[in-house]
Amino acid sequence: MKTDLDSLATALYVQVDDLLKQSPHLVPWRPETGIAPQLSDAELVTLSVMQALLGYVSERRWIRYASSNLRHLFPYLPGQSGYNRRLRKAADLIARVNRLLATDTSLWTDNVWVIDSTPIECGRSRETVKRSDLAGWAEYGYCASHSRFFWGLRLHLVCTLHGLPIAFALTGAKADERTTLLDILGTETDLVATRPGQTLIGDKNYYGAAFERELAELELRLLRPARKGEPERAGSQLFKPLRQIIESVNDTFKGQLDLERHQGRTPGGVMVRVLQRILALTAAIWHNDHTGQPVMRSLTAYDH
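Residues numbered from 1 in each chain as written. Predicted model: local features only at pLDDT ≥ 70, side-chain atom pairs only at ≥ 80, totals over all residues. Heavy atoms only, no water.

Attention now goes to the environment of Asp110. If you trace the backbone, Asp110 turns up in the loop between α5 (91-103) and β1 (112-123). Taking the C-alpha atoms as reference points, Asp110 and Arg195, separated by 85 residues in sequence, lie 9.5 Å from one another. Contact partners of Asp110, with chain neighbours within four places excluded, come to Thr160, Leu161, His162, Arg195 and Gln198. (Helix = DSSP H or I, 4+ residues; strand = E, 2+ residues; numbered from the N terminus. Contact = heavy atoms within 4.5 Å.)

Another aspect to go through is the packing of aromatic side chains. Two measures describe an aromatic ring pair: the distance that separates the ring centres and the angle between the ring planes. Per the counting criterion, the structure on display carries five aromatic pairs. Look at Trp62 and Tyr65: their rings are 5.8 Å apart centre to centre, the planes differ by 25°, and that puts the pair in the stacked class. Here Trp62 and its partner Tyr65 are both found in helix α3 (residues 59-69), three residues apart, which amounts to about one turn of the helix. Given a relative accessible area of 0%, Trp62 falls into the buried group. Put simply, the rings of Tyr56, Trp62 and Tyr65 touch in pairs and so form one group of aromatic residues. If you follow Arg195 out to its NZ or CZ, it ends over the ring of Trp108, 5.0 Å from the centre. (Phe/Tyr/Trp six-rings, centres within 6.5 Å; stacked < 30°, edge-to-face > 60°. Buried < 20%, exposed > 50% of the residue type's maximum accessible area, 1.4 Å probe, protein only. Lys NZ or Arg CZ within 6 Å of the ring centre and 35° of its normal.)

What follows is about helix α2 (residues 41-53). With 13 residues, α2 extends 19 Å from end C-alpha to end C-alpha; this agrees with the ideal 18 Å at 1.5 Å per step. Along α2, 13 of the 13 residues are buried, which leaves the element largely enclosed by surrounding structure. Positive backbone phi, at 75°, marks Gly55, one or two positions downstream of α2. (Expected span 1.5 Å × (residues − 1).)

Next up on the list: the pairing of strand β2 (residues 139-143). Within a regular strand, the side chains alternate between the two sheet faces. As judged from the five bridges shared by β2 and strand β3 (residues 148-160), these two strands associate in the antiparallel manner. By the bridge assignment for β3, Gly141 is matched with Phe150. Taking the residues that link successive antiparallel strands as the turn, the β2-β3 hairpin has four residues, and the phi of Ser147 there is positive, at about 50°. (Pairing = 2+ DSSP bridges.)

Following the criterion strictly, the structure yields nine salt bridges and no others. Linking Arg30 and Asp41 is a salt bridge whose minimum nitrogen-to-oxygen distance equals 3.1 Å. Taken together, the positions of Arg30 in the loop between α1 (2-22) and α2 and Asp41 in helix α2 put the pair 11 residues apart, joining distant regions of the chain. Overall, the relative accessible area of 30% leaves Arg30 in the partly exposed class. Judged by relative accessible area, which is 8%, Asp41 ranks as buried. Note that Arg273 and Glu59 form a salt bridge whose closest N and O atoms lie 3.0 Å from each other. One end of the pair, Arg273, is in helix α11 (residues 267-291); the other, Glu59, is in helix α3, with 214 residues separating them in the sequence. Taken individually, Arg273 and Glu59 each receive the classification buried, so the pair is uniform in this respect. If you follow the salt bridges from partner to partner, you end up with Arg30, Asp41 and Arg86 in one network. (Salt bridge = Lys/Arg side-chain N within 4 Å of Asp/Glu carboxyl O.)

Attention shifts here to the packing of α2 against helix α4 (residues 80-89). Any two packed helices are characterised by the angle at which their axes cross and by the distance between the axes. Look at α2 against α4: their axes get within 11 Å of each other, and the N-to-C directions meet at 100°. Taken together, α2 and α4 sit at an angle that is classed as roughly perpendicular. Here Asp41, Leu44, Leu47, Ser48 and Gln51 of α2 come into contact with α4, specifically with Tyr83, Arg86 and Leu87. Taken together, the residues that form the contact of α2 with α4 break down as four nonpolar, two polar and two charged. (Axes fitted to C-alpha atoms, helices over the stretch in contact; angles between N-to-C directions. Parallel < 35°, antiparallel > 145°, perpendicular 65-115°, else oblique. Nonpolar A, V, L, I, M, F, W, Y, C, P; charged D, E, K, R; others polar.)

Core analysis: the largest hydrophobic core is formed by 84 residues, its most contacted members being Trp62 and Phe253. The biggest single contributor to this core is α11, with 11 residues. (Core = buried A, V, L, I, M, F, W, Y, C linked by side-chain atoms within 4.5 Å.)

This paragraph deals with the packing of α4 against α11. Packing of α4 against α11 leaves a shortest axis separation of 9 Å and a crossing angle of 80°. Classed by the angle they form, the pair α4 and α11 counts as roughly perpendicular. The segment α4 lies against α11, with Tyr83, Asn84, Leu87 and Arg88 engaging Gly268, Gly269, Val272, Arg273 and Gln276. When grouped by side-chain class, the residues that make up the contact of α4 with α11 number three nonpolar, four polar and two charged.

This part takes up the side chain of Ser48. Along the polypeptide, Ser48 turns up in helix α2. Beyond its immediate sequence surroundings of up to four residues, Ser48 is in contact with Tyr83, Leu87, Ile94 and Gln276.

Turning our eyes to something else, we now look at unusual backbone geometry. Even without glycine at this site, Glu219 takes up a positive phi of about 65°. Note on placement: Glu219 falls in the loop between α9 (209-217) and β6 (220-223). Unusually for a residue other than glycine, Gln263 sits at a positive phi of about 65°. Inspection of the secondary structure puts Gln263 in the loop between α10 (239-256) and α11.

Here is the structure:
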């Protein structure tokens, strides 16, 4: 629906523009001398979110579409290479905007989080693996849900029961989910310190006495299914319906936001494209939350 999309784009632009006025240090670095960009940083972030919501994987096709259909929102549009270059430099800003929007929802204070990881394939042919700039970060891993091996990364996501992204990490395909979660929590110290008694819901991969002790020291409670040979754990009757939430979030990333078709070729390129899609999901939830629409409404409502 065009009206919904225009409304979201306008609201997002205002938020980012206000953020940059209040915190000018967040503006991506550029030389003091030279021509000022005709597309503002707030417009750039908004444009990137619309690209993800409308399902344009190719930046060339996206700029062509935006030039024909979105001039009422963006009077000036850069070429494909200029857009790509500026987007990579705006990764930190996109991450900051994502947190700003998330904290500006009624869902931010939810006392239950769901945790999981999902594969991000970065190449299939052996030649691609050999020549890729991602070698050393991307690696071979196994996706149990699809019973297949893949070469790439993993997106580790912490989200609310309504699917709002709270924190994330992008790692190699073989990274241990427990170690990555502890690293996320160790980095987000303020996030953890302000939520004593927070409940985490994960799958069977989040196990181990030492791991659970570390979570308990952070005053976090872990709920997960029992592994083979373990006695039944508390809350087991809740796992099946609650696990469907994270599966729904992953399906949104891959089915509607084309996470696995990111087309990133470098670490910086992959990172900003993942951030772009996380921000698109957060922005849609934020906009629905503020306009009184169902938060978990399908993103297809924003399709053209």
